[in-house]
Amino acid sequence: MMYKYETHCHSSQCSRCGRSTSQELVKAYSEAGYAGLVLTDHFIFGNTAVPRDLPWETRMQCYYDAYLDARKAAEGLDFDVIFGIEHAYGDGKEVLIYGIDLPFLLSNPDIPELTLDELVARVHAYGGIVVQAHPYRERSYVNMSVGPRADIVDGIEVYNVYNKPGEDKKALALSAQKDYILTCGGDIHTAADPNIGSAGILLPRRVHDEKEFVAALKQRSHGFIVQGNVVDRIQEADLP
């Protein structure tokens, strides 16, 4: 048996573009047959809904509270909720960070001053991983002359529901450069989104926290959900 997990979604509590609470997302994904999700709200430099003038500790607690709300909603659903963030590091480029938690955020109040290289080093030292989100997404706010940081990330998001045709194929080609961890994400912002079920990964076992999720990804034994289809290995023909 394989278990479906969403790797990329946003709540209204912490992402300005979010339209549903983390509790509502849990309910929607549970009803769609998923075993869990990773809540990856926009972090401090992204499209965050967390006021930037709050003390660091208060800001970080806001992110974690959205996660805790989701955990509470999942209690009666036999559903796993994993904490993560989507970090914008400049030029409209973003990475998904997995394997960190509130203690990590609280103990690194200088994150706003760190380069991406420095932040990745700290995430690695903590046991976490970094995945390049939608590496070739073309939008007005993205500087397309600046490439993804394939030199330092652990993984590549090779399918994102809201990418335009051709963007994911470029991501897949990038992922062939070395043995990256591959992920697929819905980038979902509302529990009413009909695309819930169109993306994610399939794990051979349940994961209950950040460390278990990272360990499962590092094993590279997961399957993928691409455009609603389940595949063991992603090929160019699978992508829009």
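Note: the structure precedes this text.
Our subject in this report is the structure included herewith.

We now examine the pairing of strand 2 (residues 36-42). For a regular strand, side chains alternate in direction, first toward one face of the sheet and then toward the other. The buried fraction of strand 2 amounts to 7 of the 7 residues, a majority that puts the element mostly inside the structure. The side-chain alternation of strand 2 yields two buried faces, one formed by G36, V38, T40 and H42 and the other by L37, L39 and D41. In this structure, strand 1 (residues 3-9) lies alongside strand 2, joined through 3 bridges in parallel fashion. Paired with C9 across the strands is L39, a residue of strand 2. One crossover worth recording links strand 1 to the parallel strand 2 by way of helix 1 (residues 22-31), and it is right-handed. For strand 2 and strand 3 (residues 80-90), the ladder comprises 7 bridges, and the chain directions are parallel. What sits directly across from T40, in strand 3, is G84. Regarding topology, helix 2 (residues 56-74) serves as the crossover connection from strand 2 to the parallel strand 3, and that connection is right-handed.

Here we take up the pairing of strand 3. Taking burial as the measure, the 11 residues of strand 3 include 9 buried ones, the bulk of the element. Bridge count for strand 3 against strand 4 (residues 93-98) is 6 bridges, and the pairing is antiparallel. Note on strand 4: the bridge partner recorded for E86 is L96. Connecting the antiparallel pair strand 3 and strand 4 is a turn made up of 2 residues, with D91 showing a positive phi of about 60°.

Here we take up the pattern of salt bridges. Tallied over the entire structure, the rule returns 10 salt bridges. Two residues, E167 and R139, come together in a salt bridge whose shortest N-O distance is 3.8 Å. Taken as a pair, E167 in helix 5 (residues 167-175) and R139 in the loop between strand 5 (129-132) and strand 6 (155-160) lie far apart in primary sequence, 28 residues in all. When its relative accessible area of 4% is taken as the criterion, E167 is described as buried. For R139, a relative accessible area of 24% corresponds to the partly exposed category. Among the ionic pairs, R149 bridges to D151, the shortest N-O distance being 2.7 Å. Overlapping salt bridges bring together D78, D80 and R206 as one network.

It is worth spelling out helix 4 (residues 116-125) at this point. Among all positions in helix 4, only L116, L119, V120 and V123 are buried. One face of helix 4 carries all of its buried residues, which in axial projection span an arc of 100°. Tucked inside the fold, the buried residues of helix 4 contact strand 3, strand 4, helix 3 (102-106) and strand 5. One or two steps after helix 4, the chain reaches G127, where phi turns positive at roughly 95°.

The interhelical angle for the contact between helix 1 and helix 2, taken along N-to-C directions, is 40°, at an axis separation of 8 Å. It follows from the interaxial angle that helix 1 and helix 2 lie oblique. Handedness of the helix 1/helix 2 crossing: right-handed. Across the interface between the two elements, S22, Q23 and V26 from helix 1 touch A66, D69, A70, A73 and A74 from helix 2. Split into classes, the residues belonging to the contact of helix 1 with helix 2 amount to 5 nonpolar, 2 polar and 1 charged.

Reading across the sheet, the 10 strands line up as 7-6-5-4-3-2-1-8-9-10 and stay open at both edges, with mixed pairing between neighbours. Each edge of the sheet is formed by a strand with only one pairing partner; in this case those strands are strand 7 (181-185) and strand 10 (229-231). Each adjacent strand pair in this sheet contributes to an overall mean axis angle of 30°, direction not counted. Here strand 5 pairs with strand 6 via 2 bridges, running parallel. Counted as the bridge partner of Q132 is I156 from strand 6. Those strands touched by helix 5 are strand 6 and strand 7, and its axis lies near 155° from that of strand 6.

Of all hydrophobic cores here, the largest spans 77 residues; its most connected members are L37, F43, Y98, I111, F213 and I234. Sort the elements by how many residues they give to this core and helix 2 lands first, with 8 residues. Leaving out residues up to four positions away in the same chain, L37 has contacts with Y5, E6, C9, L25, V26, Y29, F79, D80, V81 and I82.

Criteria and cut-off values
Residues numbered from 1 in each chain as written. Predicted model: local features only at pLDDT ≥ 70, side-chain atom pairs only at ≥ 80, totals over all residues. Heavy atoms only, no water. Buried < 20%, exposed > 50% of the residue type's maximum accessible area, 1.4 Å probe, protein only. Helix = DSSP H or I, 4+ residues; strand = E, 2+ residues; numbered from the N terminus. Pairing = 2+ DSSP bridges. Right-handed = clockwise from strand over helix to strand, strands pointing away. Salt bridge = Lys/Arg side-chain N within 4 Å of Asp/Glu carboxyl O. Arc of directions from axis to C-beta. Contact = heavy atoms within 4.5 Å. Axes fitted to C-alpha atoms, helices over the stretch in contact; angles between N-to-C directions. Parallel < 35°, antiparallel > 145°, perpendicular 65-115°, else oblique. Left-handed = near helix turned anticlockwise from the far one by under 90°. Nonpolar A, V, L, I, M, F, W, Y, C, P; charged D, E, K, R; others polar. Core = buried A, V, L, I, M, F, W, Y, C linked by side-chain atoms within 4.5 Å.

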